[in-house]
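Topology and contacts: notes
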Amino acid sequence: MATLHMNFRSDCISRSVYPLVFLPDLNQWRDIEPPYPTLYFLHGYSGGAVETAMFTNIALYAMRYGVAVVLADGENSFYVDDEKRGAMYSRFFGEELVEVTRAALPLSRRREDTWIAGISMGGYGALINGLRFSERFSAVGMLSPALGYKLPNDLAPEHCPVPGGELVETLGPWETFRGSYRDDRNALRRTREEGRPVPRLFLAIGRGDELYPESCRLREECRELGQELSWYEAEGGHDHTFWKQAMDPLFHFLTGKEGV
């Protein structure tokens, strides 16, 4: 296992970025050779790359399953583009970060080896960007995804930790949000209608999570559309204890391998 701390200037968000990368090149089982299948993993609201890597122990799963994992700070952007600020976080995670890390590291360039996943806000970001850039990502993993936060009245749901005003500034008003790539309730249907490839989908949710009903809504939508969704649920809430528990099912879904 190798841990790399990268730095480059991002054109998409006009600032220096410091991705954290785990490479399984010193995997003692030596069951995979480069170029490596790669997971781009998105943190949650108020979180960050280092914190997420530490609490989820994601480096262990990278080593066990022979997968490179790339994390970077997305601030509280919900992983969408903010044209007013010139902070194009959707394009950064969906295009630039993938291209830069592929150019610098022994990562696979094949769609079938390139995946995106995340927790909470990052689960929302993985869904909308995995679908927006579906020609690049072949699988999407959502751990307790922050779905359904955007309402027609532009107010935040009671269980949402994000102030309503911040949601409007970040995701836009309802009239521009609805039907856009940011619209998590229509993103899957829109991708299918446009004839673009749909990534494999995985969702993990705790039964005590306030977002459980929204995850069930997405599961029902997948059933209606005939879209396969791999589902994992267990006792737990919206926290790192559950997300750490969901790592093994996530990596098994991505690779088809059993945990070591």
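Presented here is a report on the structure given in the accompanying data block. (Residues numbered from 1 in each chain as written. Predicted model: local features only at pLDDT ≥ 70, side-chain atom pairs only at ≥ 80, totals over all residues. Heavy atoms only, no water.)

**Considerations on helix α3 (residues 89-104)**
Operational definition: By definition, a residue's bend is the angle between the axes fitted to the seven residues ending there and the seven starting there. Helix and strand definitions here come from DSSP, where helices need a minimum of 4 consecutive H or I residues and strands a minimum of 2 consecutive E residues; each element is numbered from the N-terminal end. Only protein chains enter the accessibility calculation, which uses a 1.4 Å probe; a residue is then buried when its area is under 20% of its type maximum, exposed when over 50%, and partly exposed in between.
Glu96 marks where α3 bends most, by close to 35°. For α3, the set of buried residues is Tyr89, Ser90, Phe92, Phe93, Gly94, Glu96, Leu97, Val98, Thr101 and Arg102.

**Concerning the state of the cysteines**
Between two cysteines, a covalent bond joining their sulfur atoms is known as a disulfide. What counts, and what does not: By disulfide we mean two sulfur atoms from cysteines, separated by a distance within 2.5 Å.
Scanning the model with the defined rule gives 0 disulfides in all. No disulfide involves Cys160; its sulfur sits 19 Å from the nearest other cysteine sulfur, which is in Cys216. Overall, the relative accessible area of 10% leaves Cys160 in the buried class. Its sulfur unpaired, Cys216 is 12 Å from the next cysteine sulfur, which belongs to Cys222.

**Here we look at unusual backbone geometry**
In this model, Pro34 is joined to Pro35 through a cis peptide bond whose omega is 5°. For Pro35, the position within the fold is in the loop between β4 (20-23) and β5 (38-42). Of note in this structure, Asp154 is not a glycine but carries a positive phi near 65°. Note that Asp154 resides in the loop between β10 (139-143) and α5 (164-171).

**Considerations on the environment of His5**
Selection criterion: In this analysis, two residues are considered to be in contact whenever any of their non-hydrogen atoms come within 4.5 Å of each other.
Among the secondary structure elements, His5 is positioned in strand β1 (residues 2-5). Of the residues examined, His5 reaches a relative accessible area of 65% and is grouped as exposed. Considering only alpha carbons, one finds His5 and Leu20, 15 residues apart in sequence, at a separation of 5.0 Å. Not counting the four nearest positions on each side in its chain, His5 is found in contact with Pro19 and Leu20.

**Comments concerning the layout of surface pockets**
Keep this limit in mind: As defined here, a cavity is a set of points on a 1 Å grid over the protein atoms alone where a 1.4 Å probe fits but cannot get out. A pocket is an open set with protein on both sides within 12 Å along at least five of seven lines, and residues line them when an atom is within 4 Å of a point. Grid points are joined across faces, edges and corners, and a volume is the space filled by probe spheres set on the points. Three residue categories are used. Nonpolar comprises Ala, Val, Leu, Ile, Met, Phe, Trp, Tyr, Cys and Pro, charged comprises Asp, Glu, Lys and Arg, and polar comprises the others, including Gly.
Within this model, the largest pocket holds a volume of roughly 370 Å³. Of all the elements in the fold, those that place two or more residues in the lining of the largest pocket are β7 (81-82) and α5. Grouping the amino acids of the lining of the largest pocket by side-chain chemistry returns 6 nonpolar, 5 polar and 8 charged. Reported here for the second largest pocket is a volume of approximately 260 Å³. Along the walls of the second largest pocket sit 18 residues, with Tyr45, Ser120, Pro161, His238 and Trp243 positioned nearest its centre. Of all the secondary structure elements, the ones that give two or more residues to the lining of the second largest pocket are α1 (49-56) and α9 (240-255). Of the residues in the lining of the second largest pocket, the class split is 6 nonpolar, 9 polar and 3 charged.

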